[in-house]
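A closer look at the structure
The residues making up each chain are set out below.
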Amino acid sequence: MQSFAKLLFVFGLLALASASPAKIQKRGVYKVERVPNPNFTGHNGPRALLKTLRKYRMPIPASLANAAQGQNEMISKRQNRRKGKGHKKGGAAASKGQATASADNVTGLVTNTPEANDVEYLSPVNIGGQTLNLDFDSGSSDLWVFNTQLSSAATQGHTVFDPAQSKTFQLMQGASFEISYGDGSGAAGNVGTDTVDIGGATVTSQAVELATAVSQSFVQDTNNNGLLGLAFSQLNTVQPTAQKTFFDNVKSSLAEPLFTADLRAQAAGAYEFGAVDTSKFTGAMTWVPVNTTQGFWQFTSEKFAIDGGEAQTSTAGAQAIADTGTTLLLADPAVAQAYYAKVDGAVDDEQQGGFTFPCDSQLPDLQLDVGGNMATVKGADINFTQVDDQTCFGGLQATSVGLQVYGDIFFKSNFIAFNGGNNSLGFAQHV
């Protein structure tokens with residue numbers, strides 16, 4: 001009888017143990033912080049708009065092409081990319097990126113340098129033990145870099161990745177990428193895998209595309225040494241098998257499968273992987289589902305309002321994407337026209353190729369439909385750049401096709417979260 005009682009006691013302990021919650025290992029939160037750019041040279045409105053249209057292969061009005069041609073400032077590569085699948089060659093199997101989070105580094109901090117007065121947000125990324133400034137882009141899905149296979153003329157002024165100096169780099173036999181952009185520019189090369197570390201968030205065997213040919217516009221942009229795509233992996237351009245993005249590979253090791261963009265104007269901001277920092281915004285965050293069919297962070301956006309007025313419909317069923325890789329906010333023409341109609345002296349300027357207004361204007365706020373909920377873009381954030389002593393170029397411009405592209409102008413006013421766990425987008429007003 002005594003032994004039977006002991007047996008019951010043992011079984012009781014086992015039952016208690018099985019009923020206890022499993023120990024969950026704490027996962028990582030990693031931050032990429034921005035810092036002021038000491039090399040600010042100013043915005044160029046017409047060229048920023050031109051490059052945005054080219055990026056998505058949108059029709060380019062003759063007035064805009066003429067206005068941009070008359071400008072002498074360098075065009076940044078960031079506004080030059082076409083999103084989507086390019087022409088690729090070769091053969092290889094998909095790499096299986098492995099993500100790890102150091103137990104000693106729960107939060108990793110990496111500085112981020114906005115280029116040309118926050119036209120670009122560049123961040124140091126460690127690839128195979130080498131650090132390069134890359135463009136974080138939520139509108140594309142490739143990780144490609146300047147590297148030692150390019151000529152010295154193409155890499156002058158750039159920091160380049162040297163695969164021979166990496167102990168973890170492996171070439172993917174037969175894999176290649178070739179991307180053609182709307183203006184005839186592009187990049188092409190071969191593909192390998194390596195360990196990629198962003199502030200402590202680490203993926204081993206991450207696909208890294210090595211350019212062996214790159215167009216002149218990329219060469220001129222010496223602050224930028226490549227691209228880190230943060231859209232959905234289906235947009236990846238590697239052939240014959242598309243590769244997973246860094247985010248898709250790392251999200252299982254994050255505290256939450258998401259990243260946030262805190263990209264406010266003229267102030268410190270950050271990308272953060274694994275958590276939503278509630279101290280960065282006011283009120284509750286609004287979450288909306290995204291349509292991943294085209295590989296973008298895409299949502300319906302068919303209504304708008306000006307200065308909190310009555311909601312108006314632009315185009316029924318209109319779609320928009322959230323894109324950190326675009327400088328301007330391209331909205332339905334009905335939105336741009338109605339907005340600037342409220343600004344005294346604003347015109348659709350043939351000489352500048354887009355909407356301009358007197359610089360002393362008090363611009364109204366703009367409310368935009370994001371998946372059935374309104375997000376506000378502050379009027380002050382819509383003032384993109386000065387054209388001359390009296391005229392300014394608008395950060396809000398009209399799209400020339402159906403797709404609306406909510407770029408940095410939108411992010412300046414809103415804290416945005418990209419949730420890859422349930423394919424949703426969150427937004428809230430910055431503090």
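As the structure is a prediction and not an experimental result, all values here were calculated from the model. (Residues numbered from 1 in each chain as written. Predicted model: local features only at pLDDT ≥ 70, side-chain atom pairs only at ≥ 80, totals over all residues. Heavy atoms only, no water.)

Turning next to the overall build of the protein chain. The helix and strand inventory of the protein chain stands at nine helices and 28 strands. Counting only carbon and sulfur atoms, one obtains 50% of the accessible surface of the protein chain, whose full area is about 17700 Å². (Helix = DSSP H or I, 4+ residues; strand = E, 2+ residues; numbered from the N terminus. Areas by Shrake-Rupley, 256 points an atom, 1.4 Å probe, with all protein chains shown as cover.)

Let us now look at the state of the cysteines. Inspection of the entire model under this criterion finds one disulfide. For Cys359, the disulfide goes to Cys392, at an S-S distance of 2.1 Å. Taking the torsion about the S-S bond as the criterion, the Cys359 to Cys392 disulfide, at about 110 degrees, is right-handed. Of this pair, Cys359 sits in the loop between strand 20 (354-358) and strand 21 (366-370) while Cys392 sits in strand 24 (residues 391-394), and the two are 33 residues apart along the sequence. The exposure class assigned to Cys359 is partly exposed, which follows from its relative accessible area of 21%. With a relative accessible area of 4%, Cys392 lands in the buried category. (Disulfide = S-S within 2.5 Å. Buried < 20%, exposed > 50% of the residue type's maximum accessible area, 1.4 Å probe, protein only.)

Attention now goes to the sheet that holds strand 18 (residues 329-331). Reading across the sheet, the five strands line up as 14-17-26-18-25 and stay open at both edges, with mixed pairing between neighbours. Two strands lie at the open edges of the sheet, namely strand 14 (298-300) and strand 25 (396-398), each paired on one side alone. Within the sheet, the average angular offset between the axes of one strand and its neighbour, ignoring direction, is 35 degrees. Bridge count between strand 18 and strand 26 (residues 404-406): two bridges; the pairing is antiparallel. Along strand 26, the bridge assignment pairs Leu330 with Val405. (Pairing = 2+ DSSP bridges. Axes fitted to C-alpha atoms, helices over the stretch in contact; angles between N-to-C directions.)

Summed over all chains, the structure comprises 19 aromatic pairs. Measuring from centroid to centroid gives 4.5 Å for Phe259 and Phe418, while their planes differ by 10 degrees, and the two rings are stacked. On the criterion of sequence distance, the pair formed by Phe259 in strand 11 (residues 258-262) and Phe418 in strand 27 (residues 414-419) is long-range, its members being 159 residues apart. Between Phe299 and Tyr406, the aromatic rings sit 5.9 Å apart at their centres with planes inclined by 55 degrees, giving tilted as the arrangement. (Phe/Tyr/Trp six-rings, centres within 6.5 Å; stacked < 30°, edge-to-face > 60°.)

Neither face of strand 10 (residues 226-229) is exposed, since Gly226 and Leu228 on one face and Leu227 and Gly229 on the opposite face are all buried. Where strand 6 (residues 143-145) lies against strand 10, three bridges are found, and the strand directions are antiparallel. Residue pairing across strands places Val145 opposite Gly226, the latter belonging to strand 10.

Once that is clear, we can look at the confidence of the model for the protein chain. In this model, the protein chain carries a mean pLDDT of 82, and residues with pLDDT of at least 70 account for 77%. Counting contacts from residues 101-112, a segment whose pLDDT is below 50, to residues more than four positions away or on other chains yields 41 contacts. The low-confidence segment residues 114-119, where pLDDT is below 50, has 34 contacts with residues more than four positions distant or belonging to other chains. (pLDDT = per-residue confidence, 0-100. Contact = heavy atoms within 4.5 Å.)

Turning to the pairing of strand 12 (residues 270-273), a few remarks are in order. With burial as the criterion, each face of strand 12 is covered, one bearing Ala270 and Glu272 and the other bearing Tyr271 and Phe273. Sheet analysis places strand 11 next to strand 12, joined by four bridges and oriented antiparallel. Paired with Asp262 across the bridge in strand 12 is Ala270.

A few words on the nonpolar core. Core analysis: the largest hydrophobic core is formed by 82 residues, its most contacted members being Phe273 and Phe410. At five residues, the largest contribution of residues to this core is made by helix 7 (residues 333-340). In this view, Phe410 contacts Leu329, Leu368, Val370, Ala375, Val377 and Ile416; residues no more than four positions away in its chain are not counted. With 17 residues, the next largest nonpolar core counts Ala211, Val219, Leu227 and Val238 among its residues. (Core = buried A, V, L, I, M, F, W, Y, C linked by side-chain atoms within 4.5 Å.)

Between helix 2 (residues 45-55) and helix 3 (residues 62-69), whose axes approach to 8 Å, the crossing angle comes to 125 degrees. Taken together, the axes of helix 2 and helix 3 lie oblique to each other. As for the relative orientation of helix 2 and helix 3, their crossing is left-handed in sense. Residue-level inspection shows Pro46, Arg47, Leu49, Leu50 and Leu53 of helix 2 in contact with helix 3, the latter providing Leu64, Ala67, Ala68 and Gln69. (Parallel < 35°, antiparallel > 145°, perpendicular 65-115°, else oblique. Left-handed = near helix turned anticlockwise from the far one by under 90°.)

Those residues of helix 7 that sit buried are Val335, Ala336, Ala338, Tyr339 and Tyr340. Of the residues that open helix 7, the one with a side-chain oxygen 2.9 Å from the backbone nitrogen of Ala334 is Asp332. (Polar contact = N/O pair within 3.5 Å; in protein donor to acceptor, adjacent residues only side chain to side chain.)

With that settled, consider unusual backbone geometry. Note: most peptide bonds trans; most residues except glycine with negative phi. With an omega of 10 degrees, the peptide bond between Gln239 and Pro240 qualifies as cis. Its identity as a non-glycine residue notwithstanding, Ser205 has a phi of 55 degrees, on the positive side. Its identity is not glycine, yet Asn423 carries a phi of approximately 50 degrees, on the positive side. A relative accessible area of 28% places Asn423 in the partly exposed class.

Let us now look at the sheet that holds strand 19 (residues 347-349). In space, the four strands of this open sheet follow the order 19-20-24-23, with antiparallel pairing throughout. Two strands close off the open sheet at either side, each with one partner strand: strand 19 and strand 23 (383-386). Ignoring strand direction, the axes of neighbouring strands in this sheet form an average angle of 45 degrees.

Turning to helix 3, its buried residues are Ser63, Leu64, Ala67 and Ala68. Buried residues of helix 3, seen end-on, are gathered within an arc of 130 degrees and therefore sit on one face of the element. Exposed and oriented more than 90 degrees from the buried face of helix 3 are Ala62, Asn66 and Gln69. Taken together, the buried residues of helix 3 touch helix 2. (Arc of directions from axis to C-beta.)

Before going further, it helps to examine the environment of Leu230. Looking at the secondary structure, you find Leu230 in the loop between strand 10 and helix 6 (246-250). A relative accessible area of 0% means that Leu230 is categorised as buried. The spatial distance from the C-alpha of Leu230 to the C-alpha of Ser138 is 4.2 Å, given a sequence separation of 92 residues. When neighbours within four sequence positions are excluded, Leu230 is seen to be in contact with Phe136, Asp137, Ser138, Ser140, Phe247, Phe259, Phe273 and Trp297.

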